[in-house]
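# Descriptive structure summary
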Amino acid sequence: MERLGERSAARLETLLRHLSPRLGAAPAPISIPTSAQVSVVPHSGRFCYTLDNDVLSTEQRQFYEDNGYLLIKNLVSDEDIERFRKEFTRICKREVKPPGVMIMKDESLRSQFGQSEKVVNKVQDFQEDEELFRYCTLPEVLKYVECFTGPNIMAMHTMLINKLPDSDTQTFLHPMHQDLHYFPFRPASRIVCAWTAMERAHQDNGCLVVQPGTHKTALKPHGYPELEGKTNKLFHGLLDEDEKIPKVHLVMEKGDTVFFHPLLIHGSGINRTSGFRKSISCHFASSECHYIDVKNTTQEHLEKELQDMVSKKYNATNVDLKDIWNFRARLVQGERINL
């Protein structure tokens, strides 16, 4: 794993120098022992979405093959979850200010609750926060990730979501979407999300909702749904959702972790309770994945939106989607090859 302190300052400095023309080439490969014996070639014929490994049973591989997700019970310890919760609170109170972190808030609540977890809906891009980033390096998580990505693993996108009570305005509903919409790297089959419940997640507090089997479909056009005043920035959704496809609500206990494919259609409902629904997640990818040019694709408008956000925040120019992801990406196991 790359050491947090050694790279954070240099990478942020590069970004603030307008990311021009790029954030720089990937560092020299770093050799780190892998945690499981995993073939880099999928099982011939039967399995397209997992690699041969000593971790998943045949039944688990078949479930992921058919449905595009796999739920592992009680994977992350209460102790680790409590540490993540405390660090989230420290970030909300601005006791720590990790570089590069994006903090999303309900500004309408700030006058009532000040700077606290009752206002912050999401902490995103915490790759420079040593405590939260430990999630992305937990051996119990990586041993499963490796079954999907192979031994060379990049942490590409990190989030801690604090779904606020929201029974009326639906501000924090995330419409059904495919995560690959946000990613300018391929192949999709070597990307996986690990999503861990930090407390019980159920239908009333806005648990994940998935459409099993949709990982076998193509990437669909996304945009902002027609819910004026009810959608957060970058909460894109399918422009043409097929309501006939069955949906499954993933009820999860604290520490349960679901691994899912980036083409799986999923979302989350609103939190109708008086409490908060926290989760921590990371999208991992094989470092052997490659970047693509999203020009003239359904992802082009997303690139433009992100470019505008980065330009306003950092006064940066000549930034493309690849630059943004190159800044976020962190090696967690094996060798850095392409990403």
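The sections below set out a description of the structure shown in this document. Positions within a chain are numbered from 1, following the residues in the order the chain's sequence is written. It should be noted that, the model being predicted, local features are given only for residues of pLDDT at least 70 and side-chain atom pairs only at 80 or more, the latter also being counted only at that level, while totals for whole chains, interfaces and linings use all residues. The basis for the side-chain values is all heavy atoms of the structure; hydrogens and waters are excluded.

## What about the sheet that holds strand β7 (residues 174-177)?
Here the rule is simple: two strands pair whenever DSSP picks up at least two bridges between them. Counting from the N terminus, the helices are the DSSP runs of H or I reaching at least four residues and the strands are the DSSP runs of E reaching at least two. Spatially, β7-β15-β10-β13 is the arrangement adopted by the 4 strands of the open sheet, whose pairing is antiparallel. Each of the sheet's edge strands pairs with one partner strand only, and the pair in question is β7 and β13 (248-249). Relative to strand β15 (residues 266-268), β7 runs antiparallel, the two being bridged by 2 bridges. Looking across to β15, one finds that histidine 174 is bridged to serine 268.

## A few points about the packing of aromatic side chains
Pairing of aromatic rings covers Phe, Tyr and Trp, the last counted by its six-membered ring, and requires centre-to-centre distances within 6.5 Å; plane angles under 30 degrees mean stacked, over 60 mean edge-to-face, and any other angle means tilted. One pass over the structure, following the stated rule, counts 9 aromatic pairs. Relative to tyrosine 69, the ring of phenylalanine 63 has its centre 5.3 Å away and its plane inclined at 90°; by these criteria the two rings are edge-to-face. On the basis of an interplanar angle of 90° and a centroid distance of 6.2 Å, the ring pair of phenylalanine 185 and tyrosine 291 is categorised as edge-to-face. Pair noted here: phenylalanine 185 is in strand β8 (residues 185-186) and tyrosine 291 is in strand β17 (residues 290-291), with a separation of 106 residues, a long-range link. Side by side, phenylalanine 185 and tyrosine 291 carry an identical accessibility label, which is buried. Summary of the burial criterion: residues with accessible area below 20% of their type's maximum are buried, those above 50% are exposed, and those between are partly exposed, where the area comes from a 1.4 Å probe applied to protein chains only.

## Some remarks on the environment of methionine 154
Here methionine 154 shows up in strand β6 (residues 153-163). Judged by its relative accessible area of 0%, methionine 154 is buried. In contact with methionine 154, other than residues within four places in its own chain, are His283, Phe284, Ala285, Ser287, Ala329, Arg330, Leu331, Val332, Arg336 and Leu339. Any two residues having at least one pair of non-hydrogen atoms within 4.5 Å are treated as being in contact.

## Structural notes on the environment of arginine 336
With respect to the helices, strands and loops of the structure, arginine 336 is situated in the segment after β18 (330-333). You can call arginine 336 buried: its relative accessible area is 3%. C-alpha separation for the pair arginine 336 and asparagine 152, spaced 184 residues apart in sequence, amounts to 6.8 Å. Reaching out from arginine 336, the side chain makes a polar contact with the side chain of asparagine 326 at a distance of 3.3 Å. Counting of polar contacts relies on pairs of N or O atoms within 3.5 Å, with two restrictions inside protein: one atom must be capable of donating a hydrogen and the other of accepting it, and residues adjacent in sequence are counted only when both atoms are side-chain atoms. Among the polar contacts made by the side chain of arginine 336, one reaches the main-chain carbonyl oxygen of leucine 339 at a distance of 2.6 Å.

## Some points on helix α6 (residues 139-149)
The buried fraction of α6 is high, at 8 of 11 residues. Looking at α6, one finds that the buried residues are Val141, Leu142, Tyr144, Val145, Glu146, Cys147, Phe148 and Thr149. Glycine 150 occupies a position one or two residues after α6 and carries a positive phi of about 90°.

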